[in-house]
Each structure stands twice: as C-alpha cells, then as structure tokens.
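# Coordinates in review
Chain by chain, the residues run as shown.
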Protein chains: 2
Amino acid sequence: MARRTGRRPGNLDTRQAILDAARAAFAERGFDGASIRAVAAAAQVDPALVHHYFGSKDRLFLAAVHAPVDPGELLPGVLAGDHAGLGERLVRAFLGVWDSPAGTAAVALLRSAVSNEWTARLLREFLVTQVLRRILDQLDVDPAERPLRGSLVASQLIGLAVLRHVVRLEPVASAAPETLVAAIGPTVQRYLTGDLADVPAG
Amino acid sequence: MARRTGRRPGNLDTRQAILDAARAAFAERGFDGASIRAVAAAAQVDPALVHHYFGSKDRLFLAAVHAPVDPGELLPGVLAGDHAGLGERLVRAFLGVWDSPAGTAAVALLRSAVSNEWTARLLREFLVTQVLRRILDQLDVDPAERPLRGSLVASQLIGLAVLRHVVRLEPVASAAPETLVAAIGPTVQRYLTGDLADVPAG
C-alpha cells in the first residue's frame, strides 16, 4: 500500500500547520477576532483537532507566540492579597520569569518583536489579552483609564526587561530582584491604581 | 603621475575608517577607556585629523554610534529650572526627540542594540556618559546611588520608546505627549531624587 504524503491527524506537520495558521490569524485579526474555527480552516483540519491539541484558544495563542509562561497560571498568585502590594508582587513575578530558564524564551520573543512587525503584533496581543486585561479587570479603576494604565505598566516592565536582559545596563542588569521590587513596585502600583494626572508642582 | 590608491587625508574613506575604528574602540574599552590617540592609530591617521573632523571625543562618539541628537545640546534646557520639575522636563525632551525626524535614527539605534551585542555596548556607553551622568552629576543625591537611579530612569524611558515607537501598544503609541509627561514624569522624578526603598505597606 502506497504511503500517503498528505497531512495525517496527529502528526507533527499537522500541529505545526495549526500553529502557523494561528500565528497568521492572531497577528492579522488580533486575539479576540481570530476564532479556532478560522484557524482550523486555514490549516485545513477539523476544529475538533485544534481543541484536541491545544485545549483552548488561550493555550493555542500561547503556543503560537512561543510564550515563555502561561500568565493564566502565574497571575492568580499576583492578584491574591491586598491591592496595595500588587505593584510589588507583579514586579517580583515578572523578574521571576525573566531570571528563570523561561527567560531565554522571553528574550527571544522580545528580540523578535523589536525586529519583526508581525511578532510585535503578537506581543501586543499577548500583553493586552493574557496579562494586562486580567489584572486591570480585577481593579476598582475607571474602565476608560484601563488601557492607558495597562500600557504604562507594560512600558516600565518591558523597559526593565530590555535594560536587564538585552542592553544589560548596570546596576539594573545584576541587581538583586528585591532591590528592583522596592524601586519599581511603587511605579507599577501608581500606574495601576494611582492618580495619573498627579503632576508635582513646578 | 600615477594616482595613489591609499587613503588621502580629507576623503570619505578616511572619515569612515576613523568612525569604524571609533566604534570598535568605544565598544571594546568604553567611552572613558578609548582615546582619540588610540582611535587614530587604529585608523592609521594622525590624531590631529580626528580632531579636525570631529572636534572632540564626545562628538566622535556621537557620530560613531549614529546618535540621533547631541544630549550635550539638549540637556542644559532640561536641567535649567527647579529640580522638582526635572522628571517632567526629561520625559518631555525625550518624547520630543523620538517624535521628531531624529526619531527614525533613534528607533534604528534601539533596534540594532537589541539584536547586536556591540551596538548594545555602544548604547550603554551613550546612555551613561552622554545622558545619565550629565543629569545625575547635577543632583544632590548620594553618589553611590547614582548608577542605580540612572539605570532605573533608563529602564522607564527606553521602555516608553519601545512601547510607543517599536511594539506600538495603544494608547501609549498615540497618546498626546503631555498625557505621558503627566503620567511618567513623577516616575522619573522619583528615580532621580526620591526614596528608592520607600516601599508601600503591605
């Protein structure tokens, strides 16, 4: 019997075809606009197979962007506890990921997003839908302010990652995590819950 | 008379040879460790010619790193005035550069630093010797804290540039400059002159 050369359910080619289609769909239409059904159609497989491999749209997205960690698993620990300590806990968890073995994948994603517009789109979707929205939905702040608050938090955390792990400016590059938590935690706290127009006099 | 094919003083090859030698010297030995004499020797020209083309080590460095602006011209305006408004003025001046035609060169420098270790070294030297040192030397803060304060400022400003001009996360990507000055100015102010271990209770 001649072997078929086309895709068979369950093989690596199929999984990769789904991931390629997912990257294209998420970059083009965003996380909210891309459906598992559309990804399956683009990869020429049954939607049930996408569910079988990846379980959920969140997990498909994380695999497609090569996410270093699943924020859905990390963030509940950050969000538990008093809101006044949220900034510190977020900086501590963020540093924990980048200083861990997963940090290599995080650096790769960041480098790729800086040089490639499609990966930049995927990183934006990752930040907004997997991280920032999950945090800000828990906070008692004006919904209209949430996007600005979220992108300010991202500006500080991404800048911290770039300086510590890519440009490697000292002493941020080798500072103890708790030094950075104490210095940067209050910044993130203010961006999340503080008064953003609280401009000092002068 | 046969034309000589070697370098002649005053031609474009000579200028480029000096810049190439300067990039290598500054990346390898840092701004403070590299001398005009050593750059001239590596480029096989007379040190007087380096002075003739570039005037000073600062200007040679700015040309070698393709600096989008000369912080030596911009910073006096930022430093003039009350110290309480320094954070805001620095964010305003920073946004002014990135939002101007010079921003294209700034984005190119940033992209290159993220993908190339040598350019990363040059960017570090640029941040420390051309920007941060000039600001922190003017402030009444413990000299031992200056490097940390400087690298924290850089983490916020570089993160702002990455989010606004490279990853383009909204609404930071298209926010009015004064919105960002009001939101981020106090962060930069605290990093420059505030209490960095001022951790909120909890």
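A short tour of the structure in this document, coming up. (Residues numbered from 1 in each chain as written. Chains lettered and ligands numbered in written order. Predicted model: local features only at pLDDT ≥ 70, side-chain atom pairs only at ≥ 80, totals over all residues. Heavy atoms only, no water.)

## Let's talk about unusual backbone geometry
When glycine is set aside, most residues are seen to have a negative phi, and most peptide bonds are trans. For the peptide bond that leads from E170(A) to P171(A), omega is 0°, which places it in the cis range. Mapped onto the fold, P171(A) is located in the loop between α9 (146–166) and α10 (177–193). Its identity as a non-glycine residue notwithstanding, R168(B) has a phi of 55°, on the positive side. Structurally, R168(B) is set in the loop between α9 (146–166) and α10 (177–193). Take R168(B): its relative accessible area is 42%, and that puts it in the partly exposed class. (Helix = DSSP H or I, 4+ residues; strand = E, 2+ residues; numbered from the N terminus. Buried < 20%, exposed > 50% of the residue type's maximum accessible area, 1.4 Å probe, protein only.)

## A word on the interface of chain B and chain A
Contact with chain B, which involves 50 residues of that partner, is made by 50 residues of chain A. Here chain B packs against chain A, burying approximately 3900 Å² in sum over the two surfaces, 68% of which is carbon and sulfur. The three residues of chain B that bury the most area against chain A are V114(B), V167(B) and L169(B), which together make up 16% of that side's buried surface. Where chain B packs against chain A, one counts two salt bridges. For the salt bridge of R168(A) with E117(B), the shortest nitrogen-to-oxygen distance reads 3.9 Å. Where chain B packs against chain A, one counts 14 residue pairs in polar contact (both at pLDDT 80 or more). Mapped onto the side of chain B that touches chain A, the elements with two or more residues apiece are α7 (103–115), α8 (117–136), α9 and α10 of chain B. Of the residues forming the side of chain B that touches chain A, the biggest block, 13 residues, is contributed by α9(B). (Contact = heavy atoms within 4.5 Å. Buried area = accessible area lost by both parts, 1.4 Å probe. Salt bridge = Lys/Arg side-chain N within 4 Å of Asp/Glu carboxyl O. Polar contact = N/O pair within 3.5 Å; in protein donor to acceptor, adjacent residues only side chain to side chain.)

## With respect to the packing of helix α5 (residues 71–79) of chain A against helix α6 (residues 86–98) of chain A
Axes are the key here: two packed helices are described by the angle between their axes and the distance separating the axes. Residue and element names in this part refer to chain A. Viewed as axis vectors pointing N to C, α5 and α6 meet at an angle of 150°, and their least axial separation amounts to 9 Å. Both α5 and α6 take part in a crossing whose hand is right-handed. On α6, the residues touching L74, L75, G77, V78 and L79 of α5 are L86, R89, L90, A93 and V97. When the residues that make up the contact of α5 with α6 are grouped by side-chain class, the tally is eight nonpolar, one polar and one charged. (Axes fitted to C-alpha atoms, helices over the stretch in contact; angles between N-to-C directions. Left-handed = near helix turned anticlockwise from the far one by under 90°. Nonpolar A, V, L, I, M, F, W, Y, C, P; charged D, E, K, R; others polar.)

## Looking at the environment of G194(B)
All names here are of chain B. Tracing the backbone shows G194 in the segment after α10. Taking C-alpha positions, G194 is 9.2 Å from V141, a pair spaced 53 residues apart along the chain. Beyond its immediate sequence surroundings of up to four residues, G194 is in contact with R149 and Q189.

## Let's talk about the packing of helix α6 (residues 86–99) of chain B against α10(B)
Residues and elements named next belong to chain B. Between α6 and α10, the shortest axis-to-axis distance is 7 Å and the interhelical angle comes to 130°. By the angle between their axes, α6 is oblique relative to α10. Crossing angle aside, the handedness with which α6 passes α10 is right-handed. Across from L86, G87, E88, L90, V91, R92, L95 and D99 in α6, the residues of α10 making contact are P177, E178, L180, V181, I184, G185, V188, Q189 and L192. Classifying every residue of the contact of α6 with α10 gives 10 nonpolar, three polar and four charged. (Parallel < 35°, antiparallel > 145°, perpendicular 65-115°, else oblique.)

## Considerations on the packing of aromatic side chains
Applying the stated criterion to the full structure yields 10 aromatic pairs over all chains. Between F31(A) and F61(A) the ring centres are 5.3 Å apart and the planes differ by 75°, which places this aromatic pair in the edge-to-face class. Taken as a pair, F31(A) in helix α1 (residues 12–33) and F61(A) in helix α4 (residues 57–64) lie far apart in primary sequence, 30 residues in all. Using a relative accessible area of 9% as the deciding quantity, one classes F31(A) as buried. Under the relative-accessibility criterion, F61(A) is labelled buried at 0%. Centre to centre, the rings of Y53(B) and F54(B) are 6.0 Å apart; their planes meet at 55°, and the pair counts as tilted. Judged by its relative accessible area of 22%, Y53(B) is partly exposed. Taken together, the aromatic side chains of F26(A), F31(A) and F61(A) make up a single cluster linked through ring pairs. Here the basic side chain of K57(A) rests over the ring of F31(A), its NZ or CZ set 4.8 Å away from the ring centre. (Phe/Tyr/Trp six-rings, centres within 6.5 Å; stacked < 30°, edge-to-face > 60°. Lys NZ or Arg CZ within 6 Å of the ring centre and 35° of its normal.)

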